[in-house]
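One letter stands for each residue in the lines below.
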Amino acid sequence: MPKITVDGREIEVAADTMLLPALIEAGIHVPHYCWHPKLSIDGSCRMCQVEVEGSPKLVIACNTPVRDGMVVRTDTPRVANARRGVMELLLVNHPIDCPICDKAGECLLQDYSYNFGTRFTRTEEPRRKLEKRKEIGPRMILDQERCILCRRCVRFCREITKTNELGVFNMGDRSVLDVLPDAPLANDYSMNTADICPVGALETKDFHHKLRVWFLKKTPSICPSCSNGCNITIQHYRNQIWRLMPRRNDAVNDTWMCDHGRLQYAFAHDTNRLRLPMVRRGEQLVASTWDDAVAEASRILRDGVKRSGPERVALLASPHLTNEELFRLAQLADVLQLRHVDTPVVVGQGDDFLIQPEKAANIAGARELGLVPRNGGRDAAGILELARQGSLDVLYVCGSDIARIFDEAVWKAALRAVPQLIVQDLFLEPIAAFATVALPSLSWAEKTGTFTNRKRRVQQIHRALAPVEGQWSDGEIFTRMLAHLSEGRWEFEPAAVFEEITRKYPAYTGLSFAGLGLQGKTLAGVEV
Amino acid sequence: MATRTVTVSRPAPMAKPQGVVRSGAAVLKGMWIANRHFWRNLWGFLRGKPTVFTVQYPEERLEHPPAFRGMPVLVQMDNGKERCVACGLCEWACPTDCITIYPAETEDEIERYPRVFDIDMSRCMFCGLCEEACPEEAIVMSHNVEIAAFSRRGTVWHKEDLLVPARELEKTRFRHIRRTYDR
């Protein structure tokens, strides 16, 4: 390991690395625009210049390999002067429309201008007039005046998505970022360009003029849209989600996430959510109390098993529930000795990067925890077929994925034929409206727990939004049902339930809820 | 704990006849002042030259000095639109969180405007930090302090209620804040 001296401090750095990542790793801040940990080196912004002993001129840290015995200085007046000069040049044509720019508050140009720039401008000439608010794709807009030509987005489109939509046209001071008219920025990862843009040149239409970023509260979580389990940050304010942003995890998603996953959040704060438990009285579903509705659902399950045996009772779990909740649900299936148990999952398009065909965050966890057909029980399609034939007395459905997997005629016929249907879902439509007892569910943004991704990596989610006062989480519902149906004291506290999981399932041995951290841990038996 | 003894000198209680005389004199003195003002006022009123400073509010109002801070208002441009671009700095600066802004986009030259701009006047404390934070000189303190309403909801002022034409504020406030905040 080479040793280098930075500002009089000796640090050990990895061999074969450039100076800038080594300095960042050591916690020494060097301002930079064009360098990004997951993209190739460009060296176009000139902001990361540092002084290296033996070199007559300043060098850019991002493109200088480390060498043993190197002496680097980042705090000399020469470096400060170079940074000031770069800032002044970058700001010559910048419109400085910070009050209306969505990036303001997390903009590197702003931050570095405060820290390293001059306070005043020395130019009087009119600034460059270019296209503003240009639609460059279905989800992205471009403000060419704000662009500082760092080419991060160009490299992203070239190296990560390999679609090459963005490019810098013209030369010299006429350079301008643009797309070709017949090739809009429409790839599945286009909104990442807004994240990596150090200024407000590339903005997502979804967040355009929505909220100033300094109001946002940030909660680490996992994207709920597919089984890849991309690490994200839920950014929320006024109990509403405003955007989802990728969070770096080199084992899962690097620093990226797909556009589809990023736009799937509005359901969490939808005002039409089912918030009160409903019980059927005659033809009508009427609002009930939590205690009564869960007692009623427990009674239906118990009587169903007692009267006609576990053969005529079936359970469809949801792959959107957390591991802790699924564990309690599996215990419920054990107590009732059910065989017809399955976790249906929507299968759609995937690609060879992040997007996975299985469109649910915790399908791997559901399989891990045994929410699959038991002792020759039927799978989801078989359960619906049994229901349609009238061979089921009680069906307990969590989530509404069956309405997306099966044809409308199939699932409607099945649900109509079941005498007693318990549904636990976010919305009354489409399937909870058929229920005998409809229980509200909580979205992933409103609860704490863990998801297991397709590579069997267990990762934590955290509560970002506050649910309605008094609303029970799904885990709480299962736990109270267990209390109705079996002996003993039952409680639901995610960390404690996770401990129970680690005791019961060998693959989870050695894991702890707190020990998962922000990056998650893989289950035993996984080749990394 | 050690105790410290302090000796204080108190005036000896007055002898009774002396006390009665003194307090009686004070009462008479007060009545004399009140009477003097009453008669002087009456005389001035009869002559048509009032000598008191009572302002007959709300029919009469005082002219406030430019530095006076009443409720914050939004500046209206000559085209009838607000100057505000919904940058949210006042919302952030507000110590009582009384400002609520929802931005939106328009096709105008100024592309961003507040779709919603609410100030809860029952929470506002007229501190003027919003005015200081504003980069567009779009929210300024007015001389209006009449925020009474018949309901809690009525104390929330919406954008339409808050708009005041720029020319009305030119003399009273703009000159003052440009000087104060060195703009």
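Undergrad: Help me understand the overall build of chain A, please; the structure alone is not making it clear to me.
TA: Looking only at helices and strands, chain A features 14 helices and 23 strands. With respect to the principal axes defined by its C-alpha atoms, chain A has extents near 90 × 50 × 40 Å. Burial status across chain A gives 56% buried among its 528 residues. Residue pairs at least 24 apart in sequence account for 67% of intrachain contacts in chain A once pairs closer than 6 positions are excluded. Total accessible area on chain A stands at roughly 22,800 Å², and carbon and sulfur atoms take up 50% of it.

Undergrad: Explain unusual backbone geometry to me, please; I cannot follow it from the model alone.
TA: Put simply, Glu429(A) and Pro430(A) share a cis peptide bond, and its omega is -5°. Here Pro430(A) is to be found in the loop between strand E19 (420–425) and strand E20 (437–440). Look at the link from Tyr57(B) to Pro58(B): it is a cis peptide, with omega at 5°. Located in the positive-phi region is Asp97(B), a residue other than glycine, with phi close to 55°. Asp97(B) sits in the exposed class, given a relative accessible area of 51%.

Undergrad: When you look at empty space enclosed by the protein in this model, what are you seeing that I'm missing?
TA: Take a probe with the size of a water molecule and roll it over the atoms, and the empty space left behind shows itself. Residues and elements named next belong to chain A. The final tally for this structure, using the stated rule, is 9 cavities of 30 Å³ or more. Considered as a void within the structure, the largest cavity measures approximately 190 Å³ in volume. Forming the walls of the largest cavity are 16 residues, and the residues nearest its centre are Ala194, Asp195, Thr204, Phe207 and Arg243. Of all the elements in the fold, those that place two or more residues in the lining of the largest cavity are helix H5 (192–196), strand E10 (202–204) and strand E13 (240–246). Taken together, the residues of the lining of the largest cavity break down into 7 nonpolar, 1 polar and 8 charged.

Undergrad: Is there a simple way to think about the pairing of E19(A) in this case?
TA: The side chains of a regular strand alternate, first on one face of the sheet and then on the other. All names here are of chain A. With 5 of 6 residues buried, E19 lies mostly within the body of the structure. Across 5 bridges, the pairing between strand E18 (residues 394–398) and E19 is parallel. Each bridged residue has a counterpart across the sheet, and for Tyr396 the counterpart in E19 is Ile422. Strand direction decides the pairing type here: E19 and E20, joined by 4 bridges, are parallel.

Here is what the cut-offs are and how they apply
Residues numbered from 1 in each chain as written. Chains lettered and ligands numbered in written order. Predicted model: local features only at pLDDT ≥ 70, side-chain atom pairs only at ≥ 80, totals over all residues. Heavy atoms only, no water. Helix = DSSP H or I, 4+ residues; strand = E, 2+ residues; numbered from the N terminus. Buried < 20%, exposed > 50% of the residue type's maximum accessible area, 1.4 Å probe, protein only. Contact = heavy atoms within 4.5 Å. Areas by Shrake-Rupley, 256 points an atom, 1.4 Å probe, with all protein chains shown as cover. 1 Å grid on protein atoms, 1.4 Å probe; cavity = no way out; pocket = protein on both sides within 12 Å on 5 of 7 lines; lining within 4 Å. Points joined across faces, edges and corners; volume = space filled by probe spheres on them. Nonpolar A, V, L, I, M, F, W, Y, C, P; charged D, E, K, R; others polar. Pairing = 2+ DSSP bridges.

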